[in-house]
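The primary structure of each chain is shown beneath.
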Amino acid sequence: ASPGLGWDPGWSEAFAPHAASGRSPARVVAVHKETSIVRDGASRERSAVVSGRFRHGALVASDFPAVGDWVALEATAIEAGPDDQAVIGAILPRRTAFRRAASDGSRRSSGLLTDEQVMAANVDVAFLVAGLDLDFNPRRLERYLAVAWSSGVQPVIVLNKADIADDLEGRLVAVEAIAPGVSVVVLSALTGERVADLMAHLGAGRTAVVLGSSGVGKSTLVNALLGEDRQVTGAVREHDSRGRHTTTHRELFVLPGGALLLDTPGIRALE
Ligand code: GDP
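The structure contained in this document is the topic of the report that follows. Quantities reported herein were computed from a predicted structural model and do not represent experimental measurements. (Residues numbered from 1 in each chain as written. Predicted model: local features only at pLDDT ≥ 70, side-chain atom pairs only at ≥ 80, totals over all residues. Heavy atoms only, no water.)

Things to note about the overall build of the protein
Right, so step 1: The number of helices and strands found in the protein is seven helices and 16 strands.
Right, so step 2: Counting the 271 residues in the protein, one finds 50% classified as buried.
Right, so step 3: Pairs at least 24 residues apart make up 68% of the contacts formed inside the protein by residues separated by at least 6 positions.
Right, so step 4: Summing over all exposed atoms, the protein offers an accessible surface of approximately 12900 Å²; the carbon and sulfur share of this is 50%. (Helix = DSSP H or I, 4+ residues; strand = E, 2+ residues; numbered from the N terminus. Buried < 20%, exposed > 50% of the residue type's maximum accessible area, 1.4 Å probe, protein only. Contact = heavy atoms within 4.5 Å. Areas by Shrake-Rupley, 256 points an atom, 1.4 Å probe, with all protein chains shown as cover.)

Dropping the structure here:
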């Protein structure tokens, strides 16, 4: 049975050796310090930690699970308070990754080399949002394009605030000049006008992110795509290693059509 969430024959093939050793696949929907929240094909969410062997073999921060990763869970869980905690034995090789230099010493105590941090893994498409209001700035779009290309992710340019657009024609020419051949969608996240045009890029099992400068309408667009308040759908209950109850915010969402939307503070701050 397919575990959904973007699983495809390529993942199945990459997972085969793990299946042979009794492991099961799951996708990381949130990471909170040392704990990952993983979701399996039965849409069950549970917390998970890497195995001792995994930790021992990890050299750099980017070796650890990130949101969007596919992981192989060991056949046996460990007991942690009222819930079993799953054990991550391996991460499947990432197809794409958004990275940034690790800024703090969060992993320094564990003796890891200074390294890039993976903000999101296995993203297929990045919606690069710019506002068609007075703040329109093609240079910023250019920077996000560079981030998408260097991460291996397909860019789609989203020109938002169509309802108050200034000089749409001129701006389309400017965008075409910096991004020849890249799909452009003109919409209004606020009114919902033409948001459905994004669906062409949100096939079932595809994973998308929304990138762009502050104020361009990312949150408004994410809410329009989710179709419900993320506050309601975003919270995940978990128990930490001492059995204490905590709440983590899920960062990978399943959209109504079966595509996935990855939205993290780190991705929002990416520039
Ligand atoms: P973010 O910082 O990129 O997440 O941007 P927000 O989603 O918070 O939006 C910034 C401001 O732009 C808010 O006041 C939104 O209501 C407004 N906004 C977002 N999308 C649209 C739109 O399509 N049309 C108009 N007129 N305003 C919008």
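A short note on the packing of aromatic side chains
Right, so step 1: Here the structure, examined in full by the defined rule, presents four aromatic pairs.
Right, so step 2: Pairing Trp7 with Phe15 gives two aromatic rings, centres 5.8 Å apart and planes at 75 degrees, and the pair type is edge-to-face. Phe15 matches Trp7 in its accessibility class, with the two residues each being buried.
Right, so step 3: Ring centres 4.9 Å apart and planes at 65 degrees place the aromatic pair Trp7 and Trp70 in the edge-to-face group. Placement of the pair is Trp7 in the segment before helix H1 (9-20) and Trp70 in strand S4 (residues 70-73), with a sequence separation of 63 residues. No difference in accessibility class separates Trp7 from Trp70, as the two residues are buried.
Right, so step 4: Among the aromatic residues, ring-to-ring pairing joins Trp7, Trp11, Phe15 and Trp70 into one connected group. (Phe/Tyr/Trp six-rings, centres within 6.5 Å; stacked < 30°, edge-to-face > 60°.)

Digging into the nonpolar core
Right, so step 1: Among the nonpolar cores identified, the biggest contains 40 residues, and Phe98, Leu159, Leu211 and Ile267 are the most heavily contacted of them.
Right, so step 2: No other element matches the five residues that helix H3 (residues 138-151) contributes to this core.
Right, so step 3: Excluding anything up to four places from it in sequence, Leu159 contacts Ala130, Leu132, Phe136, Leu141, Leu172, Val175, Val184, Val185, Val186 and Leu187.
Right, so step 4: The next biggest cluster of nonpolar side chains, apart from the first, holds 22 residues, and it includes Val156, Val185, Leu226 and Leu255. (Core = buried A, V, L, I, M, F, W, Y, C linked by side-chain atoms within 4.5 Å.)

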